[in-house]
Structures are given as structure tokens and as C-alpha cells.
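Analysis of the macromolecular model
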Amino acid sequence: MLQEGEFERVGDNKTAKVDVRVIAATNQNLEQLIAQGKFRKDLFYRLNIISIEIPPLRDRKQDIPLLVEDFIKKHSRHMHKK
């Protein structure tokens, strides 16, 4: 379905066409898992069209105040608090 954009439902003879986008995230090294035989290479190939690597928050502490401010703004409005 990811490659061809179509599939057949179980018990149906008709092919259904789909147009989907998949966003996947992991904290695992998928290339290493492929080498260990723990992740399918063909699935990785289909998912890995655009790869965006974001360092963990512990490595970008300067972002924490911005995230806290955004969290407070969103939730204070929701709770009708200043």
C-alpha cells in the first residue's frame, strides 16, 4: 500500500486506491536494527523519504524556557488563569 498506493480489502475483489502520507518517529537507530535483523529493510526504504533528526531536549536546554512559556500560555487560557 505504501509503495503502490492501492490495496485489496480482505474478502474483496476490488482494488482500493489511497493517497496517504505517513509520519513516523523513533528514538531507535533503525539502520542498526536492520543490520541486526530486527527491522525490515523494505519498510525503512519506504518510510525514509525525508529524514529529520532532532537532538534530544537534554542536548538543547536553551529550548526549555520557550517550551515552558508556550505550555503555560496554552494551558492558562484553557483554565482561565493568568
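Anyway, here's the lowdown on the structure attached to this text.

A few points about the overall build of the protein chain
A count of helices and strands for the protein chain gives three helices and two strands. Here the C-alpha radius of gyration of the protein chain, 20 Å, is well above what a compact globule of 82 residues would show, namely 12 Å. Dimensions along the principal axes, computed over C-alpha positions, put the protein chain at roughly 60 × 35 × 20 Å. Among the 82 residues that make up the protein chain, the fraction classed as buried is 9%. Within the protein chain, contacts between residues at least 6 apart in sequence are counted, and of these 15% link residues at least 24 apart. In the form shown here, the protein chain has an accessible surface area of approximately 8300 Å², with 54% of it arising from carbon and sulfur atoms. On the protein chain, the mean spot of the 16 positive side-chain charges and the mean spot of the 12 negative ones are 8 Å from each other.

Looking at the pattern of salt bridges
If you walk through the whole model with that rule in mind, you get seven salt bridges. Taking the shortest distance from any N to any O, the salt bridge between lysine 17 and glutamate 6 comes out at 3.1 Å. Of this pair, lysine 17 sits in strand 2 (residues 15-17) while glutamate 6 sits in strand 1 (residues 6-8), and the two are eleven residues apart along the sequence. What makes lysine 17 exposed here is its relative accessible area of 68%. A relative accessible area of 32% places glutamate 6 in the partly exposed class. One network of salt bridges, in which partners are shared, links Arg40, Asp42 and Arg46.

Side note on helix 3 (residues 64-78)
An α-helical segment advances 3.6 residues per turn. Residues three or four places apart therefore align on the same side. Its 15 residues place the ends of helix 3 21 Å apart at the C-alpha level, agreeing with the 21 Å of an ideal helix rising 1.5 Å per residue. Looking one or two residues beyond helix 3, the residue adopting positive phi is histidine 80, at roughly 55°.

Considering the environment of phenylalanine 71
Locating phenylalanine 71 in the fold gives a position in helix 3. Expressed as a C-alpha distance, the spacing of phenylalanine 71 and asparagine 29, which sit 42 residues apart in the sequence, is 30 Å.

As for the side chain of serine 76
With respect to the helices and strands, the residue serine 76 is situated in helix 3. Among the polar contacts listed, one links the side chain of serine 76 to the backbone oxygen of lysine 73, at a separation of 3.2 Å.

Quick look at a nonpolar patch on the surface
Taken together, Met1, Leu2, Phe7, Val20, Val22 and Leu47 make up a surface patch of nonpolar side chains, about 470 Å² in accessible area. As for its placement among the helices and strands, methionine 1 is situated in the segment before strand 1.

Analysis parameters
Residues numbered from 1 in each chain as written. Predicted model: local features only at pLDDT ≥ 70, side-chain atom pairs only at ≥ 80, totals over all residues. Heavy atoms only, no water. Helix = DSSP H or I, 4+ residues; strand = E, 2+ residues; numbered from the N terminus. Rg over C-alpha atoms; globule rule 2.2 N^0.38 Å. Buried < 20%, exposed > 50% of the residue type's maximum accessible area, 1.4 Å probe, protein only. Contact = heavy atoms within 4.5 Å. Areas by Shrake-Rupley, 256 points an atom, 1.4 Å probe, with all protein chains shown as cover. Lys, Arg positive; Asp, Glu negative; His and termini not counted. Charge placed at Lys NZ, Arg CZ, Asp CG, Glu CD. Salt bridge = Lys/Arg side-chain N within 4 Å of Asp/Glu carboxyl O. Expected span 1.5 Å × (residues − 1). Polar contact = N/O pair within 3.5 Å; in protein donor to acceptor, adjacent residues only side chain to side chain. Patch = residues over 30% accessible without salt bridge, like charges linked within 9 Å, V, L, I, M, F, W, Y side chains within 5 Å.

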